[in-house]
2 protein chains.
Amino acid sequence: MVSDTDHVPPGGKAGRPRSERARRAVLHAVDDLLVDVGYAAMTMKGIAERAGVGRQTVYRWWSTKAEILLEACLVDAEEELTTPPRPDAADDLLAYLTALTEFLTTSPAGLAYRALIGEAQHDPVVRDLVHQAGLLALSAHDVLRRVRSSAPNMPDECLCAAQLTGPVVTQILTTPEPLPERLLEAHVAALLRAWR
Amino acid sequence: MVSDTDHVPPGGKAGRPRSERARRAVLHAVDDLLVDVGYAAMTMKGIAERAGVGRQTVYRWWSTKAEILLEACLVDAEEELTTPPRPDAADDLLAYLTALTEFLTTSPAGLAYRALIGEAQHDPVVRDLVHQAGLLALSAHDVLRRVRSSAPNMPDECLCAAQLTGPVVTQILTTPEPLPERLLEAHVAALLRAWR
DNA sequence: TCCTTTACGGGTCACTGTGCCTCGTAATGC
DNA sequence: GCATTACGAGGCACAGTGACCCGTAAAGGA
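Residues numbered from 1 in each chain as written. Chains lettered and ligands numbered in written order. Predicted model: local features only at pLDDT ≥ 70, side-chain atom pairs only at ≥ 80, totals over all residues. Heavy atoms only, no water.

J.: Run through the overall build of chain A, naming residues and quoting values.
T.: Of the regular secondary structure elements, chain A holds 10 helices and 0 strands. The linear arrangement of helices and strands in chain A, starting from the amino end, is α-α-α-α-α-α-α-α-α-α. Principal axes of the C-alpha set define a box for chain A whose edges measure 70 × 30 × 30 Å. The buried share of chain A, reckoned over its 196 residues, is 52%. When the accessible surface of chain A is split by element, carbon and sulfur atoms take 53% of a total near 9,100 Å². Positive and negative charge centroids in chain A, built from 20 and 26 side chains respectively, lie 3 Å apart. (Helix = DSSP H or I, 4+ residues; strand = E, 2+ residues; numbered from the N terminus. Buried < 20%, exposed > 50% of the residue type's maximum accessible area, 1.4 Å probe, protein only. Areas by Shrake-Rupley, 256 points an atom, 1.4 Å probe, with all protein chains shown as cover. Lys, Arg positive; Asp, Glu negative; His and termini not counted. Charge placed at Lys NZ, Arg CZ, Asp CG, Glu CD.)

Structural data, given as structure tokens:
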């Protein structure tokens, strides 16, 4: 007989789960639970049960709720935050910010990401995880690279990304309503004016 | 004999506690615990014990950790986020953003506020609480009113506040390091250029 | 002044989530 | 075919929650 506590994964994700089935079931269960019962009411026990999986199986491959959430989130997030290029810089930025708003307010992956940001304020480990993933930064940099030609006076790229996404994100994190389309347009216009 | 479960407060804060002593002890204990053990490890039991107060006394006047935290936070926050006016608009905004950064990264009240924003991602009730308090919005509007004369082209005031504080706040919430002074200066310069 | 009212500190209790362990079982790989 | 490994399921000790109940002490009205 073999114990359940030997094998690989020390902290989190050394080897992939032997059964892809279990992995997918857990990630899918987390997505479901997040929209069904919310983050606060989501428990490891609940995840295991919803996934039709033993609790130990969950603990074996992920050490925290946050880890599962991040993995479940990254799968969809990159795709949802990638917008097709548009000829006009203002259109391009606006499309991105609209997608970002949609992502953070309605997409399951976006809700997961917000839950992660929330958890990051309580737990430095999660904070590093979120920062490492760099979801916002990466997608923003993609868009910014495209509009660089129309904005010769753009400052440090990190600052630009923060200026672009910061107002939108903070609004969503701290108030019940995101910035409306009208203000997104005004925001983009102001940024381009500043960077011109 | 009288039960402990009659009296006033339904949800949160109908009447003031009869003993100001208990109230102050609890708020002080929360401040201490937050810096000592962090938000995650802070429990209602721990708060009561640290405050030298019965658990029931805590539950009587506040229904959640978040409520206590918010009250403890608001006491100091408004003062820490109020910066003296400066003649130059750029100086004025920069001083505010520097104070905001200091607040969110080092002040106990700021740490409490961040913990609240974190909790708000998990709990809509806390979200409303945070929004109601409107800490960021209020302090930002104060500063913006002062620079309005130097920036005739300022858009909607809500957007301005978001543009001013959003990048700073999001950076702090999602990465280990806040925006450095150098980038704060560049940010202010860009905003004034956009609003001119 | 007495005496009712009210909050107080402290303790108990049922309930829930966690994370670890141990079953017996099923799938994998040599 | 046989050893290895992950699997599901359940049990466990521990901690936090939030409700109760107790006896005490401090207001406030007569």
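Back to the write-up after that little detour.
J.: Quick one: what's the story with the side chain of Thr83 of chain B, residue by residue and with numbers?
T.: For Thr83 of chain B, the position within the fold is in the loop between helix H4 (65-80) and helix H5 (89-105). Residues contacting Thr83 of chain B, with those up to four places away along its chain left out, are Ala95, Tyr96, Ala99 and Arg146 of chain B. (Contact = heavy atoms within 4.5 Å.)

J.: Can you break down the relation of the copies chain A and chain B residue by residue, with the values?
T.: With an RMSD of 0.1 Å, the fit of chain A onto chain B corresponds to turning through 180° and sliding 0.0 Å along the axis. With respect to symmetry, the two chain copies, as superposed, fit the operation of a two-fold axis. By C-alpha distance to the rotation axis, the residue of chain A lying nearest is Gly118 of chain A, at 1.8 Å. A shared interface surface links the copies, since 100% of the contact residues of chain A are contact residues in chain B too. (Least-squares fit on C-alpha atoms with pLDDT ≥ 70 in both.)

J.: Account for the interface of chain A and chain B, naming residues and giving values.
T.: If you look at the interface, chain A gives 36 residues, while chain B gives 37 residues. Where the side of chain A that touches chain B is concerned, the elements lending two or more residues are helix H6 (108-120), helix H7 (124-133), helix H9 (157-174) and helix H10 (181-195) of chain A. Among the elements that make up the side of chain A that touches chain B, the one with the highest residue count is H9 of chain A (10 residues). Residues belonging to the side of chain A that touches chain B are distributed by class as follows: 18 nonpolar, 11 polar and 7 charged. (Nonpolar A, V, L, I, M, F, W, Y, C, P; charged D, E, K, R; others polar.)

J.: So what about the side chain of Thr170 of chain B? Which residues, and what values?
T.: Relative to the helices and strands, Thr170 of chain B is located in helix H9 (residues 157-174). What makes Thr170 of chain B buried here is its relative accessible area of 6%. Only 2.8 Å separates the side chain of Thr170 of chain B from the side chain of Thr170 of chain A, close enough to count as a polar contact. Contact partners of Thr170 of chain B, with chain neighbours within four places excluded, come to Leu136, Gly166, Val169 and Thr170 of chain A. (Polar contact = N/O pair within 3.5 Å; in protein donor to acceptor, adjacent residues only side chain to side chain.)

J.: Please provide a residue-by-residue account of helix H10 (residues 181-195) of chain B, values included.
T.: With 15 residues, H10 of chain B extends 21 Å between its outermost C-alpha atoms, agreeing within 8% with the 21 Å of an ideal straight helix rising 1.5 Å per residue. Every buried residue belonging to H10 of chain B is among Leu183, Leu184, His187, Val188, Ala190, Leu191, Leu192, Ala194 and Trp195 of chain B, and all of these are buried. Taken together, the buried residues of H10 of chain B touch H9 and H10 of chain A together with H5, helix H8 (135-147) and H9 of chain B. (Expected span 1.5 Å × (residues − 1).)

J.: Summarise the environment of Glu181 of chain A; cite the residues concerned and give the values.
T.: All names here are of chain A. On the secondary structure map, Glu181 appears in helix H10. A residue is classified by how much of its surface remains accessible, and Glu181, at 41% relative accessible area, is partly exposed. Counting along the chain gives 150 residues from Glu181 to Asp31, while the straight-line C-alpha distance between them is 28 Å. Residues in contact with Glu181, not counting those within four places in the same chain, are Leu94 and Thr98.

J.: Which residues make up the packing of H9 of chain B against H10 of chain B, and what values do they have?
T.: All names here are of chain B. Put simply, H9 and H10 touch, their axes get as near as 11 Å, and they point 160° apart. With respect to each other, H9 and H10 are oriented roughly antiparallel. Crossing angle aside, the handedness with which H9 passes H10 is right-handed. Contacts between H9 and H10 involve Cys160, Gln163, Leu164, Pro167 and Val168 on the former and, on the latter, Leu184, His187, Leu191 and Trp195. Among the residues forming the contact of H9 with H10, the class breakdown is 7 nonpolar, 2 polar and no charged. (Axes fitted to C-alpha atoms, helices over the stretch in contact; angles between N-to-C directions. Parallel < 35°, antiparallel > 145°, perpendicular 65-115°, else oblique. Left-handed = near helix turned anticlockwise from the far one by under 90°.)

J.: Account for the packing of aromatic side chains, with residues named and values stated.
T.: All names here are of chain A. Under the definition given, this model contains 2 aromatic pairs over all chains. On the numbers, 6.4 Å between centres and 45° between planes, the contact of Phe103 with Tyr113 is tilted. Of this pair, Phe103 sits in helix H5 (residues 89-105) while Tyr113 is found in helix H6, placing the two residues 10 residues apart along the sequence. For the pair shown, Phe103 and Tyr113 are each scored as buried. The ring of Tyr39 carries Lys65 above its face, with NZ or CZ at 4.4 Å from the centroid. (Phe/Tyr/Trp six-rings, centres within 6.5 Å; stacked < 30°, edge-to-face > 60°. Lys NZ or Arg CZ within 6 Å of the ring centre and 35° of its normal.)

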